[in-house]
Each structure stands twice: as structure tokens, then as C-alpha cells.
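Structural overview for review
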Amino acid sequence: MERNNPIVVKSKALALRIIRLNRYLCDEEHEYVLSKQVLRSGTSIGANVREALRGYSRKEFYARLNIALREASETEYWLELLHESDMISEEAFISIYQDTQEIIRLLVSIIKTRKPDEG
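Everything in this summary refers to the structure shown in the same document. This structure is a prediction, so every number in the text was calculated from the model and none was measured. (Residues numbered from 1 in each chain as written. Predicted model: local features only at pLDDT ≥ 70, side-chain atom pairs only at ≥ 80, totals over all residues. Heavy atoms only, no water.)

Quick word on unusual backbone geometry
The criterion, for reference: A run of H or I in DSSP counts as a helix once it spans at least four residues, and a run of E counts as a strand once it spans at least two, with each numbered from the N terminus. Accessible area is worked out with a 1.4 Å probe on protein chains only. A residue is then buried under 20% of its type maximum, exposed over 50%, and partly exposed in between.
At His 30, a position not held by glycine, the phi torsion is positive, near 55 degrees. Note on placement: His 30 falls in the loop between helix H1 (6-27) and helix H2 (33-53). When its relative accessible area of 54% is taken as the criterion, His 30 is described as exposed. Notably, Asp 86 is not glycine yet its phi reads approximately 65 degrees, a positive angle. Within the secondary structure layout, Asp 86 lies in the loop between helix H3 (58-84) and helix H4 (90-113).

Following this line, the structure appears as C-alpha cells:
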């Protein structure tokens, strides 16, 4: 089930990209503060998606997906700062930023179709 679930697959793929970005920022740019922030928020998205799928109720499912959405929005912010401070290239920024926005769209869509009071 989880292997075929688009939000699970895409959030994990983003987390792996964020991990590689963190490694680059630390090794090449010697940037540790922003890199840690984007690492934390970017990997938290998928963790919260997974927790949502294992939730005990619709309310818990909804709450976890909302946390994932907030983490994705925070990740967007850190990526913007990294790009605007010239820590990452335009090409790298556009690619990873688009992936983050796609995850946000998926999360919003799921949240809109599932309300916590539905069970």
C-alpha cells in the first residue's frame, strides 16, 4: 500500500534529496545553520505522512497531514533563503522547490477530501 501511495513515495524522495542537499551545504558551502533547518523540516514531511497512515483515527490522520503540510511550507521557506543567499544554484533550487510544491498540492488535496469528523 505505502509503496504505491504517491504522497509516501514523493515525500520520501524529497527527504532523500534534502539529505543530499544538506551534505552538499555542509561539505562545499560550510553552511550549517540553514542546512540543518531544511534537513529537519524536509525530512519531517515524510515522517508525518507515515505516521498519518498508521494513525488510530481520522482525526489523528488529519492532524498528522496538517503537520506534514506545515513542514513542507517551512521547507519552501528555507529553500528560498538558501537560493536567495546564493547557497544553491537557480537550477537546483527550481528542481527541489517544484518537488516541494507538488507535495504541498498533494497534501492540500488529501486534507480537503478527508475531514477529521468523518470517523
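Observations concerning the side chain of Ser 11
Our working rule: Any pair of N or O atoms that falls within 3.5 Å is considered a polar contact. Within protein, one atom must be able to donate a hydrogen and the other to accept it, and sequence-neighbouring residues count only if both atoms are side-chain atoms. Only heavy atoms enter the contact rule, under which two residues are in contact if any of them lie within 4.5 Å.
Structurally, Ser 11 can be placed in helix H1. On the accessibility criterion, Ser 11 (1% relative accessible area) is buried. At 2.7 Å, the side chain of Ser 11 and the backbone oxygen of Ile 7 are in polar contact. Leave out the neighbours within four places in its chain, and Ser 11 touches Ile 45, Gly 46, Val 49 and Ile 103.

Regarding the environment of Arg 58
Examined against the element boundaries, Arg 58 turns out to sit in helix H3. Assessed through its relative accessible area of 32%, Arg 58 is described here as partly exposed. Residues Arg 58 and Gln 98, 40 residues apart in the sequence, show an inter-C-alpha distance of 29 Å.

Considering the pattern of salt bridges
Rules: The rule for a salt bridge is simple: a side-chain nitrogen of Lys or Arg has to be within 4 Å of a carboxyl oxygen of Asp or Glu.
Under the defined criterion, the tally for this structure stands at five salt bridges. Note that Asp 99 is salt-bridged to Arg 17, the shortest N-O span being 2.4 Å. Separated by 82 residues along the polypeptide, Asp 99 in helix H4 and Arg 17 in helix H1 bring together distant segments of the chain. In this structure, a network of salt bridges that share partners links the residues Arg 40, Glu 71 and Glu 74.

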